[in-house]
Amino acid sequence: MGFSAGDVEKGASLFKTRCAQCHTVGKGEPNKVGPNLHGLFGRKTGSVDGYSYTAANVNKGVTWDENTLFEYLENPKKYIPGTKMAFAGLKKEKDRNDLITWLKQETA
């Protein structure tokens, strides 16, 4: 199973409760504990200027899209062993679909 369009409102809520403490999404907003996610789709892992990534993240060499994010967000430490992202992941496919749908809208 892979990504399928989800509920934007539920995605917004998930971002607020699970992601916003470490990430921003608006153009020009600062990096926090994690990098700013503006322009995420089509961007390579480990490529936000001014953010200090782990070598594992930089060397992964993946381009973020709906399907790579769908897999990554289930278990970040499994997808990129050595990442410093402390987030355990979203196990429910529906939650990942909702969050990715919102991210597509908000990071463009």
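Being a predicted model, the structure only gives us computed values, none of them experimental. Numbering of residues starts from 1 in each chain and follows the order in which that chain's sequence is written. Only residues with pLDDT of 70 or above have their local features reported here, since the model is predicted, and side-chain atom pairs are shown and tallied only from 80 upward, although totals for entire chains, interfaces and linings are computed over all residues. In computing side-chain properties, one takes all heavy atoms of the structure into account and sets aside hydrogens as well as water.

**Notes on the packing of helix α1 (residues 8-19) against helix α5 (residues 93-106)**
Part 1: Interaxial distance between α1 and α5 falls to 7 Å at its minimum, and their mutual angle equals 95°. With respect to α5, the axis of α1 lies roughly perpendicular. On α5, the residues that touch V8, K10, G11, A12, L14, F15 and C19 of α1 are K94, D95, D98, L99, T101, W102, L103 and Q105.
Part 2: Only Asp, Glu, Lys and Arg are considered charged, only Ala, Val, Leu, Ile, Met, Phe, Trp, Tyr, Cys and Pro nonpolar, and every remaining residue, Gly among them, polar. Taken together, the residues of the contact of α1 with α5 break down into 8 nonpolar, 3 polar and 4 charged. Lines fitted to C-alpha atoms define the axes, with helix axes restricted to the stretch in contact, and inter-axis angles between N-to-C directions lie between 0 and 180 degrees. Numbered from the N terminus, helices here are DSSP runs of H or I no shorter than four residues, and strands are runs of E no shorter than two. Roughly parallel refers to an angle under 35 degrees, roughly antiparallel to one over 145, roughly perpendicular to one between 65 and 115, and oblique to any angle outside these ranges. We call two residues contacting when some pair of their heavy atoms lies within 4.5 Å.

**A word on the pattern of salt bridges**
Part 1: One speaks of a salt bridge when a side-chain nitrogen belonging to Lys or Arg is within 4 Å of a carboxyl oxygen belonging to Asp or Glu. This model, assessed by the stated rule, comprises 3 salt bridges.
Part 2: For the salt bridge of E66 with K104, the shortest nitrogen-to-oxygen distance reads 2.7 Å. Residue E66 is located in helix α3 (residues 66-74), and its partner K104 is located in helix α5; the two are separated by 38 residues in the primary sequence.
Part 3: Type-normalised accessible area, obtained with a 1.4 Å probe on protein chains alone, sets the label of each residue: buried when under 20%, exposed when over 50%, and partly exposed for intermediate values. Look at K104 and you get partly exposed, because its relative accessible area is 35%.
Part 4: Here K94 ties to D98 by a salt bridge, and the two come within 2.7 Å at their closest N and O atoms. Of the two residues, K94 and D98 both sit in helix α5, 4 residues apart, roughly one turn of that helix.

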